[in-house]
Amino acid sequence: MTIALIPGSFDPFHNGHLEVVERAANVFDEIVVAALRNPQKSDACFTLEERREMIQESLAHLERVRIVSVSTLLVNVAADVGATAIVKGLRAVSDFESELQMAQMNRSLSGVETVFIPTSSTHSFIASRLLREVARYGGDVSHFVPAPVEKRLREKFAGMA
Ligand code: PNS
């Protein structure tokens, strides 16, 4: 059985992430989505548990998908879940440099392979950082995130605009 591990900060999970999960589900037998800390991003908006809940609600329509939120190395999660490969989405060439570095580091640490899925152009500009900014100032993000995420963003930033 093939298992794809799809990691990310997911702060918050958006439609570009959803596309990668749905497309990976066509290729792998089982999907594990892991919300992790990115030490390069210190100003988290949602807790790991909040992120896990939002992802769970957003992926309720899919079978063979598990969601975990952990504060550890990605290669440890890959070993724990028996991942066949790590799967990451690529939005643009600018994503590739850091993704290549992480893929090489993770392979050096544990031998785990990384597989990239190019996101469709309709999602290529969507970034969690921009969504937090738009939502914080009362902008409409409903076209870019699953409904459960939109609700949480509205609650998080209620009265702040
Ligand atoms: O969505 P992001 O922020 O691009 O995801 C990056 C993430 C969370 C996958 C990366 O920071 C990560 O793997 N964090 C866990 C800690 C770890 O394993 N760091 C070494 C990466 S080579």
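Rules and cut-offs
- Residues numbered from 1 in each chain as written.
- Predicted model: local features only at pLDDT ≥ 70, side-chain atom pairs only at ≥ 80, totals over all residues.
- Heavy atoms only, no water.
- Phe/Tyr/Trp six-rings, centres within 6.5 Å; stacked < 30°, edge-to-face > 60°.
- Helix = DSSP H or I, 4+ residues; strand = E, 2+ residues; numbered from the N terminus.
- Buried < 20%, exposed > 50% of the residue type's maximum accessible area, 1.4 Å probe, protein only.
- Axes fitted to C-alpha atoms, helices over the stretch in contact; angles between N-to-C directions.
- Contact = heavy atoms within 4.5 Å.
- Nonpolar A, V, L, I, M, F, W, Y, C, P; charged D, E, K, R; others polar.
- Near = heavy atom within 4 Å.
- Polar contact = N/O pair within 3.5 Å; in protein donor to acceptor, adjacent residues only side chain to side chain.

Digging into the packing of aromatic side chains
Move 1: In the structure shown here, the tally under the stated rule is 3 aromatic pairs.
Move 2: Consider the rings of F125 and F144, whose centres lie 5.8 Å apart with planes at 85°: the pair is edge-to-face. Taken together, the residues F125 in the loop between strand 5 (113-118) and helix 5 (128-136) and F144 in the loop between helix 5 and helix 6 (147-156) connect sequence positions 19 residues apart.
Move 3: With relative accessibility at 25%, the residue F144 sits in the partly exposed group.

As for the packing of helix 2 (residues 48-58) against helix 6
Move 1: Close contact between helix 2 and helix 6 brings their axes to 8 Å; oriented N to C, the two are set at 145°. The residues of helix 6 that touch helix 2, namely those facing E50, E53, M54, E57 and S58, are P148, V149, R152 and K156.
Move 2: Each residue belonging to the contact of helix 2 with helix 6 can be placed in one class, and the counts come to 3 nonpolar, 1 polar and 5 charged.

Examining the site of the ligand
Move 1: Around the ligand, the structure places 14 residues, and the nearest of them are S9, R37, N38, K41 and L74.
Move 2: For the ligand, an oxygen atom lies 2.8 Å from a polar atom in the side chain of N38.
Move 3: Contributing elements (two or more residues each) for the shell around the ligand: strand 1 (3-8) and helix 4 (93-110).
Move 4: Examining the composition of the shell around the ligand, we find that 3 residues originate from one element, helix 4, more than from any other.
Move 5: Partitioned by chemical class, the residues of the shell around the ligand number 6 nonpolar, 5 polar and 3 charged.

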